[in-house]
Amino acid sequence: MEHIVFLTGRLAQPQLERVLDGIADPPFTWEVREIGLQVAALMTADLIRRRVAAPVDAQRILVPGRCRGELEPLAEHYGIPVQRGPEELKDLPRFFNRAAKPVDLSATGPRIFAEIIDAPRLSLEDIAERALAFVRQGADVIDIGCLPATPFPHLEDVVRMLKGEGLEVSVDSTDPDELLRAGRAGADYLLSLNLDTLWIADEVKSTPVLIPRTPQDEASLFTAVETLSARGRAFLADPILDPIPFGFTASIVRYHALRQRFPTAPILMGVGNLTELTEADTSGINALLFGIAAELDVAAVLTTQVSRHARRAIKEADWARRIMTAAAREKTPPKNLSSALCTVHARDPFPDTPQEIAATAAQVRDPNFRVQVAHDGLHVYNRDGLRHGTGAFELWPRLGLEGDAAHAFYMGVELAHAELAWRLGKRYVQDQPLDWGCAVERAEDDLASWCAPGSTRP
């Protein structure tokens, strides 16, 4: 059986031992070594090399998740793997479950068509800039949205320009003339043809997206699918997803009926009617719709990000398709695969109990403030005692920082972050930004780089 040595600091040692004791039937034996520092998060690779003598009688060394420095040289020094654990001790059981079977999110599932809805009113430069941004966010195909009764003299130039950039292009219009122009210019896909405009597919090489004459006219869509299938012609079929409360449930039933009727037909689902027209966090809406798409084996999804609340829709769609594809492949609920779509809440926001925080606080002998969040609110402590409250304005006057502007500013920011995390149910870690999933761009923290230990005092 593998033997693992866990390195930690004085304050975290009792809690680490309790967590390891609580792992049922662990596939390893373990040993905890406190290496002579108070706070485990301040551990560095250089400090480990100085304080932990070689050789180490184990098959692996696990260091705190926020340990700074290159670990490969340490592994060479000790002759065994040296690995970072999770950032929070309470996540160790889940860490070992995941370590045993890593989750592969590389399979993307449905292709993402990202629509530029007002293309006739944009310059070539603006369209190119928007298209390349969409690709960076996860789009596979750039959809050029035409507008009714709006001239689009540069349509062909747009298609050729984007094709010249190496992008796949679709054009969305209700005007047969615009669809013909787009197809002749080299568009890869045309949205959308119904039974009455199916002749356009005979005029150009573009792959048509088929829709019913009206959303309720399933028969016309079935006939169009059968017609192009008989010709051996590639297509995508879209029964049209209606918004709430204008037939959303019925439209989901239509998608299911299409899949039942044509088990292998490639389906496209447009999700903008839900993400744009529902005033709710789009990450959850995308999660649900891509879950349906995974069950129906949908080939492509058309999305937009026009409304301000939907400004991350493409990136969310990219995460949602990866997560739901993995869930379908592994035959497991889409849980514990990625927290990218948990933009507002955390699955396990409060890893520490008030009693555990109090026990840690009782060991502190220095003036630096520590801030932790439990289910009952905010806990702030240093050598002068533990303060508890539910808001920054409640706690700040009890810190005695009126004459220390720099320290007061720092603690004000941290207490505000902590209060926000407590009220929303998010994980709070002192000196770290809150995790908003894929809703906020966040630079990767390079733990291999050296970082000077910080202090809550100037």
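The rules we used
- Residues numbered from 1 in each chain as written.
- Predicted model: local features only at pLDDT ≥ 70, side-chain atom pairs only at ≥ 80, totals over all residues.
- Heavy atoms only, no water.
- Helix = DSSP H or I, 4+ residues; strand = E, 2+ residues; numbered from the N terminus.
- Buried < 20%, exposed > 50% of the residue type's maximum accessible area, 1.4 Å probe, protein only.
- Contact = heavy atoms within 4.5 Å.
- Areas by Shrake-Rupley, 256 points an atom, 1.4 Å probe, with all protein chains shown as cover.
- Pairing = 2+ DSSP bridges.
- Axes fitted to C-alpha atoms, helices over the stretch in contact; angles between N-to-C directions.
- Phe/Tyr/Trp six-rings, centres within 6.5 Å; stacked < 30°, edge-to-face > 60°.
- Polar contact = N/O pair within 3.5 Å; in protein donor to acceptor, adjacent residues only side chain to side chain.
- pLDDT = per-residue confidence, 0-100.
- Salt bridge = Lys/Arg side-chain N within 4 Å of Asp/Glu carboxyl O.
- Arc of directions from axis to C-beta.

Here we look at the overall build of the protein chain
The secondary structure content of the protein chain amounts to 16 helices and 15 strands. Along the three orthogonal principal directions, the C-alpha set of the protein chain runs to about 80 × 55 × 40 Å. Taking all 458 residues of the protein chain together, the buried fraction comes to 50%. Restricting the contact set of the protein chain to residue pairs at least 6 apart, pairs at least 24 apart contribute 61%. For the protein chain, the exposed surface amounts to about 22100 Å²; the carbon and sulfur share of it is 54%.

So, the sheet that holds strand β13 (residues 370-374)
Strand pairing within a sheet occurs via backbone hydrogen bonds; the two strands may be parallel or antiparallel. Strands sit in the order β13-β14-β15 across an open sheet of three strands; the sheet is antiparallel. Each edge of the open sheet is held by one strand with a lone partner, namely β13 and β15 (385-389). If you compare each strand with its neighbour and ignore which way they point, the axes differ by 20° on average. Bridge count between β13 and strand β14 (residues 377-382): five bridges; the pairing is antiparallel. By the bridge assignment, arginine 370 is partnered in β14 with tyrosine 381. On the sheet, helix α14 (residues 354-361) packs against β13, β14 and β15 and is oriented at approximately 10° with respect to β14. Strands in contact with helix α16 (residues 405-424) are β13 and β14; relative to β14, the strand with the most contacts, it is inclined by about 145°.

Describing the sheet that holds strand β4 (residues 82-84)
Taken together, the four strands give an open sheet; going across it, the order is β2-β1-β3-β4, and neighbouring strands pair in parallel fashion. At either margin of the open sheet sits one strand with a lone partner, and together these are β2 (28-34) and β4. Averaged over all pairs of adjacent strands, the angle between their axes in this sheet comes to 25°, without regard to strand direction. Strand direction decides the pairing type here: strand β1 (residues 2-8) and strand β3 (residues 60-63), joined by three bridges, are parallel. Bridging from a neighbouring strand, valine 5 pairs with isoleucine 61 of β3. Here helix α1 (residues 13-21) sits on the sheet and contacts β1 and β2; the angle it forms with β2, its principal contact strand, is near 175°.

Some points on the packing of aromatic side chains
Inspection of every chain in the model, using the stated rule, returns six aromatic pairs. Aromatic side chains phenylalanine 6 and phenylalanine 28 sit 6.2 Å apart centroid to centroid with 45° between the ring planes, which places their arrangement in the tilted category. Placement of the pair is phenylalanine 6 in strand β1 and phenylalanine 28 in strand β2, with a sequence separation of 22 residues. A residue is classified by how much of its surface remains accessible, and phenylalanine 6, at 3% relative accessible area, is buried. Using a relative accessible area of 3% as the deciding quantity, one classes phenylalanine 28 as buried. Measuring from centroid to centroid gives 5.0 Å for phenylalanine 113 and tyrosine 189, while their planes differ by 65°, and the two rings are edge-to-face. Taken together, the positions of phenylalanine 113 in strand β5 (residues 111-116) and tyrosine 189 in strand β8 (residues 189-193) put the pair 76 residues apart, joining distant regions of the chain.

Details of unusual backbone geometry
Cis peptide bonds are those with omega within 30 degrees of zero, and the linkage from alanine 54 to proline 55 qualifies with -5°. Within the element layout of this structure, proline 55 appears in the loop between α2 (45-51) and β3. Cis rather than trans, the peptide bond between isoleucine 244 and proline 245 has omega equal to 0°. Counting through the fold element by element, proline 245 comes out in the loop between β10 (236-237) and α10 (248-261).

Digging into helix α7 (residues 176-185)
Along α7, the residues that are buried comprise Glu178, Leu179, Leu180, Ala182, Gly183 and Ala185. Looking at the buried positions of α7, the neighbouring elements they touch are α6 (155-164), β7 (168-172), β8 and α8 (200-203). You can read the cap of α7 off the contacts: a side-chain oxygen lies 2.9 Å from the backbone nitrogen of aspartate 177, and it is on aspartate 175.

Details of the side chain of glutamine 372
Its location among the elements puts glutamine 372 in strand β13. Relative accessible area serves as the criterion here: at 18%, glutamine 372 is assigned to the buried category. Looking at glutamine 372, its side chain comes within polar contact range of the side chain of aspartate 352, at 3.0 Å. A distance of 2.5 Å separates polar atoms of two side chains, one belonging to glutamine 372 and the other to tyrosine 381. Ignoring anything within four residues of it in the chain, the contact list for glutamine 372 reads Asp352, Ile357, Gly377, Leu378, His379, Tyr381 and Tyr428.

A short note on the confidence of the model for the protein chain
Per-residue confidence for the protein chain gives a mean pLDDT of 92, with 95% of residues at or over 70. The low-confidence segment residues 450-458 (pLDDT under 50) makes 15 contacts with residues lying over four places distant or belonging to another chain.

Structural notes on the side chain of glutamine 430
Within the secondary structure, glutamine 430 is located in the segment after α16. Engagement of the side chain of glutamine 430 in a polar contact is seen with the side chain of tyrosine 410, the distance being 3.0 Å.

Some remarks on the pattern of salt bridges
As enumerated under the stated definition, the model contains 23 salt bridges in all. With a shortest N-O distance of 3.0 Å, glutamate 226 and arginine 261 are connected by a salt bridge. Taken together, the residues glutamate 226 in helix α9 (residues 218-231) and arginine 261 in helix α10 connect sequence positions 35 residues apart. On the basis of relative accessibility, which here comes to 35%, the residue glutamate 226 falls in the partly exposed class. Aspartate 348 is the partner of arginine 427 in a salt bridge, and the nearest nitrogen-oxygen pair spans 3.7 Å. Here the residue arginine 427 occupies a position in the segment after α16, and aspartate 348 occupies one in the loop between α13 (313-330) and α14, the gap between them amounting to 79 residues.

Re α14
Burial in α14 covers these residues: Pro354, Glu356, Ile357, Thr360 and Ala361. Taken end-on, α14 shows its buried residues confined to a sector of 160°, consistent with a single buried face. Those residues of α14 hidden inside the fold are in contact with α1, β13, β14 and β15.

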